[in-house]
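# Residue-level structural notes
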Amino acid sequence: MTAQTPAAGRTGDLTRRSAADLAAALRAGEVTSVEVTQAHLDRIAAVDGAVHAFLHVSADDALATARDVDARRAAGEDLHPLAGVPIAVKDVVVTKGLPTTAGSKILEGWVPPYDATLVERLRAAGMPILGKTNMDEFAMGSSTEHSAYGNTHNPWDLDRIPGGSGGGSAAAVASFQAPLAIGTDTGGSIRQPGAVTGTVGVKPTYGGVSRYGLIALASSLDQAGPVTRTVLDSALLHEVIGGHDPRDSTSLTDPLPDLVAAARAGQGGDLTGVRVGIVDELNGEGYQEGVRARFDESIALLAAAGAEVVHVSCPHFDYALAAYYLILPSEASSNLAKFDGMRFGLRVVPTEGSITAERVMGATRGQGFGDEVKRRIILGTYALSAGYYDAYYGSAQKVRTLIQQDFAAAFEQVDVLVSPTAPTTAFRLGEKLDDPIAMYLNDIATIPANLAGIPGMSVPNGVSDDGLPVGFQILAPARADDRLYRVGAALEALLEKQWGGPLLDRAPELVAGHEPTHALQTEGTPR
Ligand code: GLN
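The shown structure was predicted, so the numbers you read here are calculated from the model rather than taken from an experiment.

## Section: the overall build of the protein
On a plain count of helices and strands, the protein comes out with 16 helices and 12 strands. Rg of the C-alpha trace for the protein: 22 Å, near the compact-globule value of 24 Å for 527 residues, within the 12% margin. Overall size of the protein, expressed as C-alpha extent along the three principal axes, is 65 × 55 × 45 Å. Split into buried and exposed, the 527 residues of the protein put 61% on the buried side. Across the protein, the fraction of contacts at a sequence separation of at least 24, relative to all contacts at a separation of at least 6, is 76%.

And the structure:
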């Protein structure tokens, strides 16, 4: 069940192996973390010119961690299960000593003086950080085309989008440049890139993973989570980054459910007694035929595994997108006010006229922010303005409550809810760039979970007629993230049995024949 190619030399191709597999090999002393980390740095050097998943590669930092872990292991220290397994981190997460831009020109050159809590936890676990991944500016988008630093390309077809906003993390994992990555999901930015690249993505329960050190998009919706190639790997990573953090006032205090145990239980493929609800509003018109066909086949598999499948209706989901695009810009307009040329990153001083603080701020924000960010700041400022607050922001919050009530009623009938993750497979670069509404529609199925604070997972469940990957979304009640892992791991096991291996084995090989379109920003010299 692990992504392994025929062994080449003593260690095989380390980049094709799952994190769980690498962790076992490291524990058994079959490989060192330096070997594993170097293999991924070499892979990045070979293919990232074509994929452009990374904005910054931190080779020195990663190898230093790897050497440290190897030395501690050699000394017989008791290490974390994922110690020595490298990871890529979305560039919206602050990393001490490593540049952090959130995909924006306004933060170009900013090197944070501290680590996000989740990064502290990765470092404490001994996980080498390979670099920072590309994303839509401030996590606004579904294609990574809104990055100020160029497109990321989908490893399945380099002319297509890798999803967004976390397209870099998904593409890095899908192209074997990293076994694991961190994403953030405000309306779907972990799950939708997962769906269109054939990777697993999990948005944890709101409050389940600390937001301290995440550059906020919409504080009431943002959650960081795992981006991986297997469901078990997501569970392992989720357990590293999750759990209470006193520095985040919205952090849950209850312990995480046993996610790894749930994933292992699911791998047996038995779902007897699990009640699965198909959300009628998230399946049908507007969904690509191949997406619907794969969804129906996956449902049949779950039923054959013993799940009890029923249909449920969540009538207010039809208004979720509209509510989201009032709440998100409102919160974003407030969160982005701090980027003013005074504190971080870029400062633009007007070349003509007087130099006042206000004019410097105006010039900095004018040049530092891209069009999508400006669009949302304007929308959010308008929705929050005195005369319109009740009509727009207030109404959207009422819809949010109705959506939460829909979920509560549905979860009285079923254990998990399911839908396709995204309505279509990866579209072509440029196809939706000039049509914001078409871009927003990509998240039609993922947004309700963020509005309700519940956890969601996307599992690859086949390819559509166009040969591109499709994702299956699983949703569970708040704090019941373990259910995602049980059902997700079962579906993955059943599908891989049919396919005879992981879906990503079918993705085209990238190494040969691709001209680099981007220059790598690498600190340190890969060997
Ligand atoms: N695509 C959605 C948006 O543009 C979701 C973004 C996200 O989850 N960060 O807002």
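## Comments concerning the packing of helix α10 (residues 320–335) against helix α12 (residues 371–384)
One can describe the packing of α10 onto α12 by two numbers: an axis separation of 7 Å at closest approach and a directional angle of 100 degrees. Taken together, the axis directions place α10 and α12 in an arrangement best described as roughly perpendicular. Along its contact with α10, which presents Tyr325, Leu326, Leu328, Pro329, Ser330 and Ser333, the element α12 presents Arg376, Ile377, Leu379, Gly380, Thr381, Ala383 and Leu384. Along the lines of polarity and charge, the residues of the contact of α10 with α12 split into eight nonpolar, four polar and one charged.

## Observations concerning the site of the ligand
Around the ligand sit 16 residues in total, of which Thr186, Gly187, Ser189, Tyr324 and Asp443 are the nearest. A distance of 2.8 Å separates an oxygen atom of the ligand from a polar atom in the backbone of Gly141. Gly187 is positioned such that a nitrogen or oxygen atom in its backbone is 2.7 Å from an oxygen atom of the ligand. Contact with the protein chains removes 100% of the 290 Å² of surface that the ligand exposes when unbound. A breakdown of the residues in the shell around the ligand according to their chemical character gives six nonpolar, seven polar and three charged.

## Some details on the pattern of salt bridges
Counted by the stated rule, this structure contains 21 salt bridges. For the salt bridge of Asp248 with Arg211, the shortest nitrogen-to-oxygen distance reads 3.7 Å. In this pair, Asp248 is assigned in the loop between α7 (231–241) and α8 (259–267) and Arg211 in the loop between β5 (200–203) and β6 (223–228), connecting sequence segments 37 residues apart. Arg211 carries the same exposure label as Asp248, and that label is buried.

## A few points about the nonpolar core
Among the nonpolar cores identified, the biggest contains 122 residues, and Leu118, Leu122 and Phe138 are the most heavily contacted of them. Setting aside chain neighbours within four positions, we find Leu118 in contact with Val93, Ile182, Val209, Leu214, Ala224 and Ile241. Counting residues in hydrophobic clusters, the runner-up holds 22 residues, among them Ile44, Phe54, Val57 and Leu158.

## Considerations on a nonpolar patch on the surface
Taken together, the side chains of Tyr382, Tyr388 and Tyr392 present a nonpolar region at the surface, about 290 Å² in accessible area. Mapping Tyr388 onto the fold places it in the loop between α12 and α13 (390–413). Overall, the relative accessible area of 36% leaves Tyr388 in the partly exposed class.

## Notes on the pairing of strand β2 (residues 87–90)
On β2, burial covers both faces: Ile87 and Val89 on one face and Ala88 and Lys90 on the other are all buried. Across four bridges, the pairing between β2 and strand β3 (residues 129–133) is parallel. Looking at the pairing, Val89 lines up with Lys132 of β3. Following the backbone out of β2, through helix α4 (residues 117–124) and into the adjacent parallel β3, one traces a crossover that is right-handed. With two bridges joining them, β2 and strand β4 (residues 180–185) adopt parallel strand pairing. In the strand pairing of β4, Val89 is matched with Ile182.

## Overview of α13
In this model α13 runs 34 Å from its N-terminal to its C-terminal C-alpha over 24 residues, within 8% of the 34 Å that 1.5 Å per residue would give. Of all the residues in α13, the buried ones are Tyr393, Gly394, Ala396, Val399, Arg400, Ile403, Asp406, Phe407, Ala410 and Phe411. Among the structural elements, β8 (308–312), α10, α12, β9 (416–420), α15 (447–452) and β11 (469–475) are those in contact with the buried residues of α13.

## With respect to the packing of α4 against α7
Put simply, α4 and α7 touch, their axes get as near as 8 Å, and they point 110 degrees apart. Accordingly, the angle class assigned to the pair α4 and α7 is roughly perpendicular. Residue-level contacts link Leu118, Arg121 and Leu122 of α4 to Leu237, Val240 and Ile241 of α7. Partitioned by chemical class, the residues of the contact of α4 with α7 number five nonpolar, no polar and one charged.

## Points about unusual backbone geometry
Cis rather than trans, the peptide bond between Gly164 and Ser165 has omega equal to 10 degrees. Tracing the sequence through the fold places Ser165 in the loop between β3 and α5 (167–174). With a phi angle near 60 degrees, Phe176 is a residue other than glycine that sits in the positive phi range. The class of Phe176 is buried, set by a relative accessible area of 3%.

## A look at the confidence of the model for the protein
Per-residue confidence for the protein averages 94 on the pLDDT scale, and 95% of its residues sit at or above 70. Of the regions scoring below 50 in pLDDT, residues 1–8 engages in 18 contacts with residues more than four places distant in sequence or in other chains.

## Quick word on empty space enclosed by the protein
Evaluated as defined, the whole model comprises three cavities of 30 Å³ or more. Roughly 70 Å³ of volume is contained in the second largest cavity. In terms of lining, the second largest cavity is formed by 14 residues, of which the most central are Ala139, Gly141, Ser189, Tyr324 and Asp443. Considering each element in turn, the lining of the second largest cavity owes the most residues, three residues, to α10. When the residues that make up the lining of the second largest cavity are grouped by side-chain class, the tally is six nonpolar, six polar and two charged.

## Focus: the environment of Leu484
Relative to the helices and strands, Leu484 is located in helix α16 (residues 481–499). On the basis of relative accessibility, which here comes to 0%, the residue Leu484 falls in the buried class. Those residues in contact with Leu484 that sit more than four places away from it in its chain are Val202, Pro455, Gly456, Met457, Ile474, Leu475, Ala476 and Ala489.

## Focus: the environment of Ser298
Turning to its location among the elements, Ser298 is positioned in helix α9 (residues 289–304). With relative accessibility at 1%, the residue Ser298 sits in the buried group. With 196 residues separating them in the primary sequence, Ser298 and Leu494 have C-alpha atoms 9.1 Å apart. Setting aside anything within four residues of it in sequence, one finds Ser298 in contact with Asn461, Phe472, Leu491 and Leu495.

About the thresholds
Residues numbered from 1 in each chain as written. Predicted model: local features only at pLDDT ≥ 70, side-chain atom pairs only at ≥ 80, totals over all residues. Heavy atoms only, no water. Helix = DSSP H or I, 4+ residues; strand = E, 2+ residues; numbered from the N terminus. Rg over C-alpha atoms; globule rule 2.2 N^0.38 Å. Buried < 20%, exposed > 50% of the residue type's maximum accessible area, 1.4 Å probe, protein only. Contact = heavy atoms within 4.5 Å. Axes fitted to C-alpha atoms, helices over the stretch in contact; angles between N-to-C directions. Parallel < 35°, antiparallel > 145°, perpendicular 65-115°, else oblique. Nonpolar A, V, L, I, M, F, W, Y, C, P; charged D, E, K, R; others polar. Near = heavy atom within 4 Å. Polar contact = N/O pair within 3.5 Å; in protein donor to acceptor, adjacent residues only side chain to side chain. Areas by Shrake-Rupley, 256 points an atom, 1.4 Å probe, with all protein chains shown as cover. Salt bridge = Lys/Arg side-chain N within 4 Å of Asp/Glu carboxyl O. Core = buried A, V, L, I, M, F, W, Y, C linked by side-chain atoms within 4.5 Å. Patch = residues over 30% accessible without salt bridge, like charges linked within 9 Å, V, L, I, M, F, W, Y side chains within 5 Å. Pairing = 2+ DSSP bridges. Right-handed = clockwise from strand over helix to strand, strands pointing away. Expected span 1.5 Å × (residues − 1). pLDDT = per-residue confidence, 0-100. 1 Å grid on protein atoms, 1.4 Å probe; cavity = no way out; pocket = protein on both sides within 12 Å on 5 of 7 lines; lining within 4 Å. Points joined across faces, edges and corners; volume = space filled by probe spheres on them.

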